[in-house]
Amino acid sequence: MLAPAGVVLLLGGCFGGVQRPSAPPVYAVLDERSQFAGNTACAECHRAEFDLHKASRHAITMRVADRQSLGNLTPPLGPIPNSDYALREHEGSLRFERIDRPEVGSRLRFALGSGKDAMTYVGEFGKEILTEYRMTFMPGTRSWCLTPGQHGQSNLALGVTHQMGMARRCILCHATKIVPGASEPDTRFLGVGCESCHGPGAQHIASAKAGRTADMKMEDLSKWNAARLNAMCARCHRSIDDVPLIGHEVSATARFQGYGLELSPCFRKSGNHLSCITCHDPHADGRMDRSKYEKACLACHSPTASGQKSCPVNPRNGCVPCHMPKREVFGDRRLPLSMADHLIMAYRTKRLVH
């Protein structure tokens, strides 16, 4: 379904001022010769960051899809309501199959998602291929819905088959490292780990232990500008380059936070200083308390700040509900998920999203 014309025009008028990264961010996973150390190896020198990350949802956004790993997040067995599919158990493994043709089925290999809202399952791995199964499980309600992105698709055996680079990209938003020569994740590196953002760490650790501080074999992310930091986050949270400018995704600035932020007047007028980590600690989960986020707003938009006008409605608090209103992400009543719209602006009229 196309976005309303007003939305297309609104977003189209923002592209001219978007600041692109001056150099590509670190891609920490595609060179099979890279030497990864794992999160635990980082703890010796970076204990505070390690502890925060270990407790975060990023750390558990992928796991093996078996009863032992899923625990109480294991979906119920049997036919899946309002679908052509069922979940069975076969020789100790969970199996996703057609109800009408049980021989058409495959073992669940991995679960994507922390379980906070939903979990999608993948399997049938090849060198450059994987299958994303048709149905997604919501642990909170113990119910199922159509996997986001598969609406409107028919004649699917088990789900959508991703090939070539898309298969790898899918996995590398949920795991730190893949098996050499395949799109399958290395089970020692499930979840978004330290090295997903900082790059392979084995050489860095060796340099640190040897006292070679002049060559630490790792980029210092604190020296990156905002556009480059945002580009790194957008590898998974999407940027303008990843969102089609025709179709329903053009208005999905709540679902694709990097994309929304790039379009925001606040980012475009920040002098390349407003980044994802201005508001979010990259090692921890997002906070539910708005006060931390509003401190970032008031650093520029308050009666005592310089450079930007303060809000004429409420110059001291209440920034987020007005300028980052919550939007439905998928438009599916069975998956009622809403997120703050990261197109930060003064909303004078109600904007439709799908």
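None of these values were measured; they are calculated from a predicted model.

*Asks:* Looking at this structure, how should I read the sheet that holds strand β1 (residues 62-64)?
*Replies:* Within a sheet, neighbouring strands are paired by backbone hydrogen bonds and run either parallel or antiparallel to one another. Pairing within the open sheet is antiparallel, and its five strands lie in the order β1-β6-β7-β8-β11. Taken across any chain shown, the strands that pair with only one partner, and hence form the sheet edges, are β1 and β11 (159-163). Each neighbouring strand pair of the sheet contributes to a mean axis angle of 30°, computed without reference to strand direction. Running at roughly 105° to β11, helix α4 (residues 164-172) makes contact with β1, β6 (110-112), β7 (120-126), β8 (129-133) and β11 of the sheet.

*Asks:* Any chance you could explain the state of the cysteines here in plain terms?
*Replies:* Here a disulfide denotes one covalent bond, and it connects the sulfur atoms of two cysteines. Per the stated rule, a full pass over the model turns up one disulfide. Paired by a disulfide, Cys173 and Cys236 hold their sulfur atoms 2.3 Å apart. Taking the torsion about the S-S bond as the criterion, the Cys173 to Cys236 disulfide, at about -105°, is left-handed. Within this pair, whereas Cys173 is found in the loop between α4 and α5 (194-198), its partner Cys236 is found in helix α7 (residues 226-237), the two being separated by 63 residues in sequence. Judged by relative accessible area, Cys236 falls into the partly exposed class, the value being 38%. Unpaired in terms of disulfides, Cys45 finds its nearest cysteine sulfur in Cys42, a separation of 8.9 Å.

*Asks:* Got a minute to help me understand the nonpolar core in this structure?
*Replies:* For soluble globular proteins, the rule of thumb is that nonpolar side chains tend to be buried together. Counting 21 residues, the largest nonpolar core has Leu70, Phe96, Leu108, Tyr121, Met135 and Trp144 as the members making the most contacts within it. Listed by contribution, the elements that provide at least two residues to this core are β3 (85-90), β4 (93-98), β9 (135-138) and β10 (143-146). The contact partners of Phe96, leaving out residues within four places of it in the chain, are Ile80, Tyr85, Ala86, Leu87, Val104, Gly105, Ser106, Leu108, Tyr133, Arg134, Met135 and Leu158. Counting residues in hydrophobic clusters, the runner-up holds 13 residues, among them Phe110, Val122, Leu130 and Ala167.

*Asks:* Explain the pairing of β3 here, please?
*Replies:* When a strand is regular, its side chains alternate between the sheet's two faces. Note: strand β2 (residues 78-79) against β3, two bridges, orientation antiparallel. Bridging from a neighbouring strand, Gly78 pairs with Leu87 of β3. Taking the residues that link successive antiparallel strands as the turn, the β2-β3 hairpin has five residues, and the phi of Asn82 there is positive, at about 60°. Pairing of β3 with β4 involves six bridges; the strand directions are antiparallel. What sits directly across from His90, in β4, is Ser93. Hairpin connection between β3 and β4: a loop of two residues separates the two successive antiparallel strands, and Glu91 in this loop has a positive phi of roughly 50°.

What counts, and where the lines are drawn
All residue numbers refer to position in the chain's written sequence, counted from 1. Thresholds applied to this predicted model are a pLDDT of at least 70 for local features of residues and 80 or more for the giving and counting of side-chain atom pairs; totals over whole chains, interfaces and linings are not thresholded and use all residues. Each side-chain value is worked out from all heavy atoms of the structure, with water and hydrogens disregarded. Criterion used throughout: strands pair if DSSP finds at least two bridges between them. Helix and strand labels come from DSSP, where a helix needs a run of H or I of at least four residues and a strand needs a run of E of at least two; each type is numbered from the N terminus. Helix axes use the C-alpha atoms of the stretch in contact, all axes being lines fitted to C-alpha atoms, and the angles between their N-to-C directions lie in the range 0 to 180 degrees. Whether two residues are in contact is decided by their heavy atoms, any of which lying within 4.5 Å being enough. Only a pair of cysteine sulfur atoms within 2.5 Å counts as a disulfide in this structure description. Three exposure classes are used, based on accessible area relative to the maximum for each residue type with a 1.4 Å probe and protein chains only: buried under 20%, partly exposed in between, and exposed over 50%. Among the buried residues, those of types Ala, Val, Leu, Ile, Met, Phe, Trp, Tyr and Cys that are joined through side-chain atoms within 4.5 Å form a nonpolar core.

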